Amino acid sequence: MGSLRLAVVGAAGRMGRMLIRAVAAEPGCVLAVALERDGSAELGKDAGVLAGIGEIGLRVSSDPTSAFDEADGILDFTAPAATRSFAEAAAARGLVHVVGTTGLMSADLDGLREAAGAARIVRSGNMSLGVNLLAGLVRRAAAALGPDFDIEVLEMHHRMKVDSPSGTALLLGEAAAAGRQVSLAERSVRVRDGHTGARRDGDIGFASLRGGTVVGEHSVIFAGAGERIELGHRAEDRGIFARGAVKAALWAAAQPPGLYTMADVLGLPEA
């Protein structure tokens, strides 16, 4: 098999440019498509120049219909509506689709599950090795400590982030819920304001901070009577997410159609 031909969507964005650099640096991959929305000022520019790696002879385009015919996989850190459309395109062609998009709602996730009948989709709120290892630790800690320890997920990101809680915070919350064998949707507390009363036993709380240029900081706090355990991760370089996404695409290319996680890619146990 030759090099895996990858399409980067949202190529002019911060993550798009990092994905282009990550594809260029990864043996076994080649950038086949760089897509942007209609009207983008970056259309027609060399994708390599856009990403700061010099000319590569590939221009940024806006037509996914024909462009995806030239690709084996899609790297997607865009927006929920766009991601659903790309998933449909991936399913129609049997492509790999790596999804790092955050802010997905239940209907979006249903769309990914449907597309995974024909596409190989890897979806994660965070593509880094460290965060996925952290999720495994959170799951084990939640199971071991039991309901006597309250769980709070704290995250901080740069001031331009548009969704809250972050995809990574939700990933960690899901890990905690899995350890407790409960539904996060039923036990999640996203907002506290005013006279809220005492904390309910078994809730998993979330708090979000925004400011400056913070790449991403996440902590999961287990607070018991007289003691507290904190598990955390700090991202110092967004390149970790791009490199993880490319690794995920290479892994998924050898898998049957289905919906996978980074735990699958990394061979991490679910418990």
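Here the structure is shown first, and the text comes after it.
It should be emphasised that the depicted structure is a prediction, and the values quoted were computed from it without experimental measurement.

## A look at the nonpolar core
Now for step 1: One finds Val8, Val23, Leu75 and Val98 to be the most contacted residues of the largest nonpolar core, which totals 36 residues.
Now for step 2: Among the elements of the structure, β1 (4-9), α1 (14-25), β2 (29-35), α2 (47-51), β4 (96-99), α9 (239-252) and α10 (262-266) are those that each provide at least two residues to this core.
Now for step 3: With seven residues, α9 is the largest single contributor of residues to this core.
Now for step 4: Counting 20 residues, the second largest nonpolar core, distinct from the first, contains Val9, Ile74, Ala90 and Leu112.

## Focus: a nonpolar patch on the surface
Now for step 1: Together, Leu129, Leu133 and Leu266 make up an exposed nonpolar region whose accessible area comes to about 250 Å².
Now for step 2: Of note, Leu133 is situated in helix α6 (residues 129-145).
Now for step 3: Residue class for Leu133 comes out partly exposed when judged on its relative accessible area of 41%.

## A word on the pattern of salt bridges
Opposite charge on two side chains allows them to pair when their charged atoms are near.
Now for step 1: In the structure shown here, the tally under the stated rule is 17 salt bridges.
Now for step 2: Note that Arg37 is salt-bridged to Glu36, the shortest N-O span being 3.4 Å.
Now for step 3: Take Arg37: its relative accessible area is 60%, and that puts it in the exposed class.
Now for step 4: What makes Glu36 buried here is its relative accessible area of 10%.

## Looking at the environment of His218
Now for step 1: Residue position: His218 is located in strand β9 (residues 216-224).
Now for step 2: In this structure His218 comes out as buried when scored by relative accessible area, which is 3%.
Now for step 3: Sequence separation between His218 and Leu145 is 73 residues, and the spatial gap between their C-alpha atoms is 20 Å.
Now for step 4: Not counting the four nearest positions on each side in its chain, His218 is found in contact with Leu154, Glu155, His157, Ser166, Thr168, Ala169, Leu172, Leu231, Gly232 and His233.
Now for step 5: A distance of 2.9 Å separates the side chain of His218 from the side chain of Ser166, its partner in a polar contact.

## A few points about the sheet that holds strand β5 (residues 120-123)
Whether parallel or antiparallel, the strands of a sheet pair through hydrogen bonds between backbone atoms.
Now for step 1: The six strands lie next to each other as β2-β1-β3-β4-β5-β11, forming an open sheet whose pairing is parallel. The sheet is open, and its two borders are formed by β2 and β11 (258-260), each paired with just one other strand. Averaged over all pairs of adjacent strands, the angle between strand axes in this sheet comes to 20°, irrespective of strand direction.
Now for step 2: As paired elements, β1 and strand β3 (residues 73-76) share four bridges and run parallel to each other. Following the sheet pairing, Val9 is matched in β3 by Asp76.
Now for step 3: Of the strands in this sheet, β1, β2 and β3 are in contact with α1, which crosses β1 at around 165°.
Now for step 4: The sheet strands contacting helix α4 (residues 80-93) are β1, β3 and β4, and the helix crosses β4 at an angle near 160°.

## Let's talk about the sheet that holds strand β10 (residues 227-235)
Now for step 1: Strand order in this open sheet of five strands is β7-β8-β6-β9-β10, and the pairing throughout is mixed. If you trace the sheet from one side to the other, it starts and ends with β7 (188-189) and β10, each paired once.
Now for step 2: Sheet topology places strand β6 (residues 150-157) next to strand β8 (residues 204-210); seven bridges connect them, and they run parallel. Following the sheet pairing, Val153 is matched in β8 by Phe206.
Now for step 3: Against the sheet, α6 touches β6, β9 and β10, its axis set at about 165° to β10.

## Some thoughts on the packing of aromatic side chains
Now for step 1: Scanning the model with the defined rule gives two aromatic pairs in all.
Now for step 2: Note on Phe68 and Phe86: the rings are 5.9 Å apart at their centroids and 80° apart in plane angle, and the pair reads as edge-to-face. Here Phe68 is found in the loop between α3 (64-67) and β3, whereas its partner Phe86 is found in helix α4, with 18 residues between them in sequence. Here Phe68 matches Phe86 in class, with each residue buried.

Procedures and definitions
Residue numbers restart at each chain and count upward from 1, following the sequence in its written direction. Totals for whole chains, interfaces and linings use all residues, but because this is a predicted model, local features are given only for residues with pLDDT of at least 70 and pairs of side-chain atoms are given and counted only at 80 or more. Calculated side-chain values reflect all of the structure's heavy atoms, with hydrogen atoms and water omitted. Definition used in this section: a nonpolar core is a set of buried Ala, Val, Leu, Ile, Met, Phe, Trp, Tyr and Cys residues joined via side-chain atoms within 4.5 Å. The buried label applies to any residue whose accessible area, calculated with a 1.4 Å probe on protein chains only, is under 20% of its type's maximum; exposed applies above 50%, and partly exposed to all values in between. Note on conventions: DSSP H or I runs of at least 4 residues are helices, E runs of at least 2 residues are strands, and numbering of each starts at the N terminus. To count toward a patch, a residue needs a relative accessible area over 30% and no salt bridge; like charges are then connected within 9 Å, while nonpolar side chains (Val, Leu, Ile, Met, Phe, Trp, Tyr) are connected within 5 Å. Surface exposure here means Shrake-Rupley accessible area, sampled with a 1.4 Å probe, where a residue is shielded only by the protein chains that are shown. Any Lys or Arg side-chain nitrogen located within 4 Å of an Asp or Glu carboxyl oxygen qualifies as a salt bridge. Note on contacts: a residue pair is in contact if any heavy atoms of the two residues lie within 4.5 Å. For the purposes of these results, a polar contact is taken to be a pair of N or O atoms within 3.5 Å, where, inside protein, one atom must be able to donate a hydrogen and its partner to accept one; residues adjacent in sequence count only when each atom of the pair is a side-chain atom. In this description, strands pair whenever DSSP reports at least two bridges between them. For helices, the fitted axis covers only the stretch in contact; all axes are lines through C-alpha atoms, and the angles between them, taken along N-to-C directions, range from 0 to 180 degrees. For Phe, Tyr and Trp, rings pair up if their centres lie within 6.5 Å, where Trp contributes its six-membered ring, and each pair is then called stacked (planes under 30 degrees apart), edge-to-face (over 60) or tilted (otherwise).

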